Amino acid sequence: MAKRNLLVCFDAFGTLFKPKRSVAQQYSEVARSLGVAGFNDKDLEKNLYAAIKDESKKNPNYGKATGLDATKWWTNITYKTFTPLIGENQSLPADLAPALLHRFSSSDGYETEPNVISAVKSLKQTSRHGSARSIAVGVITNSDDRVPSILSSLGLQVSPLRYGTTAELLGLAERSYDIDFHCMSYDVGVEKPDRGIFQAAESMLVRLIATRQGANPAHANVEDWQKVYVGDDYNKDVVGARNAGWNAVLLSEGRGDITKLEDVSAESVDDLMREHPVITVRSIQELVTWLNSSR
């Protein structure tokens, strides 16, 4: 029996990358570098997370639900965080919000665990060098549109293909990418664990197949693709993926109720996914090493 083609999608924040230091600490650093003074880090952290909670309630999904763009959404967070902390005779620098947006759009604010970048790259390298199966790699994340720039700054080759793009992307089939497409909740309009964001990724796979084959998307067949989602949050990532009919991989040191990859006896990806719809791995490198070496 021929191997099924493989779609592997990753969560972003907490899975592919994480803050270099706590988000609140980095807010403090940027603010002080621009001359904001008279606040303590404990109060800032409290205000920051209260601001995010309040803004998420008023303008869900980074403002998508109320027609607010993500830049304005995060600017609101900045002002809600710092305004109560500064003196009456002090105003916030005009470049504070832009500086924070820039910090958290790149490797200035984020880092990866060791070997994550090389592991993700190796998935596509295996596909390009004689693998019997085709492999596509995507990102499904509850996020605004800064994720592609973060991943690019961390060293991945990122395709411009993202959910909601309408223009034909010339040359897409001729280039090789580490990440083939993005499905961000701000673009899709729903957040994990809603199955709609996983269905959006399936529609992106259809577009990708059609682009590679030069075919009409209506003729693209995704039934012979095994769909796997990798994330670090059980309720959002595992539950969401399973409800959408995907296999799920939980990035975790281990849960007693979920089989660890290191304990499985399956020799092929198809057998693994059939026997264990959900597994845990300690690292992305562990998962990718197994996928690259399996039959």
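Model, not experiment: these values are computed from the prediction.

Participant: Where do I start with the domain arrangement of the protein chain in this structure?
Facilitator: Note: interface size is frequently given as the accessible area lost on complex formation between the parts. Per the domain assignment, the segments making up the protein chain are domain 1 (5-17 + 112-293) and domain 2 (20-109). One C-alpha centre belongs to domain 1, the other to domain 2; they are set 31 Å apart. If you look at the interface, domain 1 gives 14 residues, while domain 2 gives 14 residues. A buried area of about 1100 Å², summed over both sides, lies between domain 1 and domain 2, and 52% of it is on carbon and sulfur atoms. A per-residue breakdown of the area domain 1 buries against domain 2 is headed by Asp 144, Arg 146 and Tyr 186, which together make up 53% of the total. At the boundary of domain 1 and domain 2, one finds 0 salt bridges. Scanning the region where domain 1 abuts domain 2 turns up 8 residue pairs in polar contact (both at pLDDT 80 or more).

Participant: Explanation requested: the environment of Lys 46 in the structure shown.
Facilitator: Secondary-structure assignment places Lys 46 in helix α2 (residues 41-58). Residues Lys 46 and Ala 24 lie 22 residues apart in sequence; the distance between their C-alpha atoms is 8.8 Å.

Participant: Got a minute to help me understand the nonpolar core in this structure?
Facilitator: Nonpolar side chains in soluble globular proteins generally cluster together in the buried interior. In terms of nonpolar packing, the biggest core is built from 64 residues, with Phe 10, Leu 16, Phe 17, Tyr 27 and Phe 82 touching the most fellow members. Leaving out residues up to four positions away in the same chain, Phe 82 has contacts with Tyr 27, Ala 31, Phe 39, Leu 44, Leu 92, Leu 96 and Leu 100. If you look at the next biggest cluster of nonpolar residues, it comprises 28 residues, including Leu 205, Leu 208, Val 238 and Ile 258.

Criteria and thresholds
Residues numbered from 1 in each chain as written. Predicted model: local features only at pLDDT ≥ 70, side-chain atom pairs only at ≥ 80, totals over all residues. Heavy atoms only, no water. Domains from an automatic or database assignment. Contact = heavy atoms within 4.5 Å. Buried area = accessible area lost by both parts, 1.4 Å probe. Salt bridge = Lys/Arg side-chain N within 4 Å of Asp/Glu carboxyl O. Polar contact = N/O pair within 3.5 Å; in protein donor to acceptor, adjacent residues only side chain to side chain. Helix = DSSP H or I, 4+ residues; strand = E, 2+ residues; numbered from the N terminus. Core = buried A, V, L, I, M, F, W, Y, C linked by side-chain atoms within 4.5 Å. Buried < 20%, exposed > 50% of the residue type's maximum accessible area, 1.4 Å probe, protein only.

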